[in-house]
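Letter by letter, the chains look like this.
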Amino acid sequence: MIINISIILILTALSVPYTPWYIAAVIALAVGFIRPGKMSFVSGMLGVGLAWLGYILYFHFRNDGIITQKIASIFSESLGNWVNAPILILVSVIIGSVAGGLGSMSGSLLYAAFKSNTNKVKRNKRTYKLKIQ
Amino acid sequence: MNKLLAIGSSFLTLLFLYFLNNPIGTSPAFGTLLSPNQGFWNNSVSKKSLEKRVEFVETPSGNTVSVYYDERLVPHIFAQNEEDLYFVQGYVVAKDRLWQMEFMSMAAAGRLSEIVGEKALAIDRYHRRIGMAKAAEESVKIFESDSYSKVVYAFTDGVNHYINKLKPSILPVEYKLLGYRPEAWSPYKSALLMKFMANDLTGNDYDVEFTNALNMLGREMFDVLYPLFPEHQDPIIPVEHNWNFTAKQPKEILNNLPIEEEISHSHPYRKPKNIGSNNWAISAQRTANGAPILCSDPHLNLRFPAIWYEMQLSTPEFNTYGVTIPGSPGIVIGFNENIAWGVTNGAWDVRDWYKVDLNINDKNSYKVGDEFYPFEKRVETFKVKNGPEVVDTVLWTFLGPVVYDKNFGSKDDEKMLSLHWEALNPSNEAKTFYLLNKAENHKDYLDALEYFSCPSQNFVYADRNNNIAIKERGNFIIQYPDEGRFVGQLSTFNQERMFDYIPSSHNPYVLNPSRGFVSSANQHPTDQNYPYYYNGIYEYYRNRRINDQLRSMDKVTIEDMMKLQNDNYYLLAAEILPYMLGQINMTALSSKAKAVMQLLSKWDYFANHNQKEPAYFQMWWDNVMKLTWDELKVEGKTLINPEEYTTAQLILTKPDFALFDVKSTKAVETANSIISQAFDQMIEEVQGKQEDDLIWQNFKNSGVRHLAQIKAFSMEKVPVGGHGNCVNAAGTEAGPSWRMIVELGKDEVKAYGVYPGGQSGNPAHPYYNQFVENWAKGEYYILNFFKSEDLAKKHINQTN
């Protein structure tokens, strides 16, 4: 799992300045497909989430939190006072995490479906051979 | 089973990505907006980036131009020729203010509903119907026929150079929040902005209201309530001035004005009242340093980003500093090594309404004399965001657009009003500023003003050779008495008069008057002796205070000028409050009322931000106005109250005047009883308020508000004193948007300035609202006017 997280994290981090946000899900899906497993959702979630968290905290701190606080108050106007800067960071990271988790999980499940399909074909062939004898 | 899970999971993923990648209703796409890829996070600014203070820009001609940013982020551009200069100006202005200039041009074009949806549709329709877009299109043709075209095309290319470099991640944050992208800039957009400013400054008139009032009250009463030349005025051109010319006579008109029917229509919005300005210049003889001083403070709606942007423009031929309007080349208010200039609104009514006589047999034509002319039709399409396309067919007469008809604002099917507005003629006001930037003397100044046709503006001037002057410049049709002040009849308008202007040399103008200063604050340009008829909506207080102060000053210093620009003396209160206080019977008062009375009795009439007296006075006076003019508040009738000045004069000279009677009561009121009633009402209102709400800065709530009304990017309750009627004209929405003081010494020009905002238009920038505090306190920055590129370099290195 650690390897999955690391690969997703590195690839996502490299792609952030050059691609739209949903590419993270595509990366996670690819890694989930190539290295599937039960904890795929968690790997995707942590891989993308941590990459995004890194960037977001960098942007937040280099600006002394000005942009975070101003955008948060735009949202708190319509959604309520509970929306503040930390919540905004959290929600941003969650979006990335969910995209990564779902992508990775889908990749993993797609691999499982692909594999069982191939095995079914193999089993049917052997049954036929026995029958002929 | 595995297949099902895989399909389900993939579907869920795609659903999630889809919903977060697309806007839902008016909300932006949250996935994009909140991501570090292209979201608002990228708009954050690091402190380190502020240390980079030089930028090198490659121009299309292959040169490299240096831009030096000083400690307040004011760019100083040193170019070798004009094409390079204006290219870089476009680039630099776009870098800080792209969203703002684009948004303003969209407002002028009537395209805001494309960005914010249906709520802007009414105002878009109004902006298209008053015809600015068509006027801008025709103005571009003028640019192209002139040497000026190289200026506006270079500027356009510079802006587009910046737009083309923009990646989605570094788009200004407002684009991300509102979910759209910048379009290419064009000379058409620069022309639109100039027309939009003309609308801001002349887009308000009372022709309809005056016509209704005249028909309702009769001529005698009308003249008492709305005098053309009220008494005791201090006009821009001093009263002693001799008009050394013979006036041209107006060409014949075919009937008498005004129309005798009632007009009523609704408006999507009304221009706020206190948009005006102050400017003045003092001759060297009256200053301490023996150098003339010029001051200019334009009053506009206070917005983030600020309407003004400071910069220095320099080529080997000229060197100028001042403020520009993002989207248009050149410096609008400023100075160079020889002269200084500033503008105030002239308020000369150049916007006239005419009732259209529809041809009852063919509604596509209208009556002109004995003939019928077909309407020109302009189909306006509105691509409303999240809504269906809307189409509005606007009819045009030879005079201008039919703004109000049964499809827009007119309650009566057949009552159509066509607008005749000088701003709708193609023009190139920007060329005036381009020429002023290079002007070296008084003749250059007058030549530059020839290109300025609308709105009427008072151009104040001073130069190193100790000349001071002021000219109210504009294209004004030679009119008969009453013409243009009331709604006229289109069918009898003589077309030959459409461009029959007062010659520019007859515009109100004075050079080096004996009193040693020139000034304007939106008051009457002249007294009744001026040989041409005109009307307008004029100012009655700031101008008299300014002139009183200037007359009484001797050995004027820069500090004196700073004090005057920030003067909070409330002349209206000084003139009427003593009388009002005299009408209150002290014995019958509650303790609260007694306390208020005592406070007001001791007040020195300075409307400072931390006092309560201005709030008490304002509430009391507003009630007096309301009670006095109850007759004019008629359901469905379009009317306007008389000026505060006229009301105050009536109270002081005719307290038994019939209109003071409140119609809804049996008793007959006079001014004195109204004042007393208004006081009681004020005390009642005060009981319902918190103590803090009565502090002037909270009561007045002067703010600097974001252009797209985003509260998080705005400021409220700025601690600044003053009022629209004070020299420090800080009202609720509008106020001094730039304060500039320039001393033109023989060897050196010294200048000071401040505006309520910051150079960067990025809300995340640490300097976004950098200047507001100093502006509120009445403090100024020294304007860095570098005589050469080397001096600029030296300064940047020292302050970095």
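Residues numbered from 1 in each chain as written. Chains lettered and ligands numbered in written order. Predicted model: local features only at pLDDT ≥ 70, side-chain atom pairs only at ≥ 80, totals over all residues. Heavy atoms only, no water.

Topic: a nonpolar patch on the surface
Turning to step 1, where the next piece is worked out: Taken together, F11(B), L12(B), L15(B), Y18(B), F19(B) and I24(B) make up a surface patch of nonpolar side chains, about 630 Å² in accessible area.
Turning to step 2, where the next piece is worked out: Note that Y18(B) resides in helix α1 (residues 2-21). (Patch = residues over 30% accessible without salt bridge, like charges linked within 9 Å, V, L, I, M, F, W, Y side chains within 5 Å. Areas by Shrake-Rupley, 256 points an atom, 1.4 Å probe, with all protein chains shown as cover. Salt bridge = Lys/Arg side-chain N within 4 Å of Asp/Glu carboxyl O. Helix = DSSP H or I, 4+ residues; strand = E, 2+ residues; numbered from the N terminus.)

Section: the environment of G47(A)
All names here are of chain A.
Turning to step 1, where the next piece is worked out: Counting through the fold element by element, G47 comes out in helix α3 (residues 40-62).
Turning to step 2, where the next piece is worked out: Under the relative-accessibility criterion, G47 is labelled buried at 0%.
Turning to step 3, where the next piece is worked out: For the pair G47 and S104, spaced 57 residues apart in the sequence, the C-alpha separation amounts to 9.7 Å. (Buried < 20%, exposed > 50% of the residue type's maximum accessible area, 1.4 Å probe, protein only.)

Some thoughts on the sheet that holds strand β18 (residues 457-463) of chain B
Residue and element names in this part refer to chain B.
Turning to step 1, where the next piece is worked out: Read across the sheet, 10 strands follow the order β1-β2-β3-β7-β8-β9-β10-β18-β19-β21 without closing on themselves; strand pairing throughout is mixed. The outermost strands of the open sheet, each flanked by one partner alone, are β1 (54-58) and β21 (509-511). For this sheet, the mean angle separating the axes of adjacent strands, direction not counted, is 15°.
Turning to step 2, where the next piece is worked out: Bridge analysis of strand β19 (residues 468-473) against β21 gives three bridges, and the strand direction is antiparallel. Note on β21: the bridge partner recorded for I470 is V510.
Turning to step 3, where the next piece is worked out: Most of the contacts of helix α3 (residues 82-108) go to strand β7 (residues 309-314), to which it runs at about 160°, and overall it touches β1, β2 (64-69), β3 (75-78), β7 and β8 (319-324).
Turning to step 4, where the next piece is worked out: Sheet contacts for helix α12 (residues 429-438): β8, β9 (333-336), β10 (339-345) and β18; angle to β10, the most-contacted strand, approximately 155°. (Pairing = 2+ DSSP bridges. Axes fitted to C-alpha atoms, helices over the stretch in contact; angles between N-to-C directions. Contact = heavy atoms within 4.5 Å.)

Let's talk about the nonpolar core
Turning to step 1, where the next piece is worked out: Counting 261 residues, the largest nonpolar core has I71(A), F335(B), M561(B), F617(B), W620(B) and W621(B) as the members making the most contacts within it.
Turning to step 2, where the next piece is worked out: The next biggest cluster of nonpolar side chains, apart from the first, holds 14 residues, and it includes V368(B), F375(B), L490(B) and F493(B). (Core = buried A, V, L, I, M, F, W, Y, C linked by side-chain atoms within 4.5 Å.)

Focus on the state of the cysteines
All names here are of chain B.
Turning to step 1, where the next piece is worked out: Counting across every chain of the model gives zero disulfides over all chains.
Turning to step 2, where the next piece is worked out: Sulfur of C726: no disulfide; nearest cysteine sulfur belongs to C295 and is 18 Å away.
Turning to step 3, where the next piece is worked out: We classify C726 as buried; its relative accessible area is 0%. (Disulfide = S-S within 2.5 Å.)

Re the packing of α12(B) against helix α13 (residues 442-449) of chain B
Residue and element names in this part refer to chain B.
Turning to step 1, where the next piece is worked out: Remark: α12 packs on α13, axes separated minimally by 8 Å, with the N-to-C direction vectors making an angle of 170°. Between α12 and α13, the angle is such that the two are roughly antiparallel. Of the residues in α13, those in contact with T432, L435 and L436 of α12 are Y445, A448 and L449.
Turning to step 2, where the next piece is worked out: For the contact of α12 with α13, a count of residues per class yields five nonpolar, one polar and no charged. (Parallel < 35°, antiparallel > 145°, perpendicular 65-115°, else oblique. Nonpolar A, V, L, I, M, F, W, Y, C, P; charged D, E, K, R; others polar.)

Observations concerning the pattern of salt bridges
Residues and elements named next belong to chain B.
Turning to step 1, where the next piece is worked out: Counting across every chain of the model gives 38 salt bridges over all chains.
Turning to step 2, where the next piece is worked out: A salt bridge links K95 to E55, with the shortest nitrogen-to-oxygen separation between them at 2.9 Å. Pair noted here: K95 is in helix α3 and E55 is in strand β1, with a separation of 40 residues, a long-range link.
Turning to step 3, where the next piece is worked out: Relative accessible area serves as the criterion here: at 12%, E55 is assigned to the buried category.
Turning to step 4, where the next piece is worked out: As a salt-bridge pair, R497 and E483 come within 2.7 Å of each other at their nearest N and O atoms. Highlighted residues: R497 in the loop between β20 (488-489) and β21 and E483 in the loop between β19 and β20, separated in sequence by 14 residues. You'll find R497 and E483 in the same group, each marked buried.
Turning to step 5, where the next piece is worked out: Three or more residues joined by partner-sharing salt bridges are found here, namely E102, R111, E114, E183 and K189.

What about the packing of aromatic side chains?
All names here are of chain B.
Turning to step 1, where the next piece is worked out: Considering all chains together, one arrives at 58 aromatic pairs over all chains under this definition.
Turning to step 2, where the next piece is worked out: Considering the side-chain rings of W348 and F476, the 3.8 Å spacing of their centres and the 5° angle between planes classify their relative orientation as stacked. With W348 in the loop between β10 and β11 (351-356) and F476 in the loop between β19 and β20, this pair connects stretches of sequence that are 128 residues apart. When sorted by exposure, W348 lands in the same class as F476, which is buried.
Turning to step 3, where the next piece is worked out: The interplanar angle of 10° and the centroid separation of 5.1 Å between the aromatic rings of Y540 and Y645 together place this pair among those described as stacked. Taken together, the residues span a long stretch of sequence, with Y540 in the loop between β22 (517-520) and α14 (542-552) and Y645 in helix α19 (residues 644-653) at a distance of 105 residues. The pair formed by Y540 and Y645 is uniform in burial state, with each residue classed as buried.
Turning to step 4, where the next piece is worked out: The structure contains a cluster of three or more aromatic residues connected by ring pairs, namely F229, W243, F245, W348, F476, Y530, Y532, Y534 and Y538.
Turning to step 5, where the next piece is worked out: Its end group placed over the ring of W396, K134 keeps NZ or CZ at 4.4 Å from the ring centre.
Turning to step 6, where the next piece is worked out: A cation sits over an aromatic face here: K471 above Y509, 5.9 Å from the ring centre. (Phe/Tyr/Trp six-rings, centres within 6.5 Å; stacked < 30°, edge-to-face > 60°. Lys NZ or Arg CZ within 6 Å of the ring centre and 35° of its normal.)

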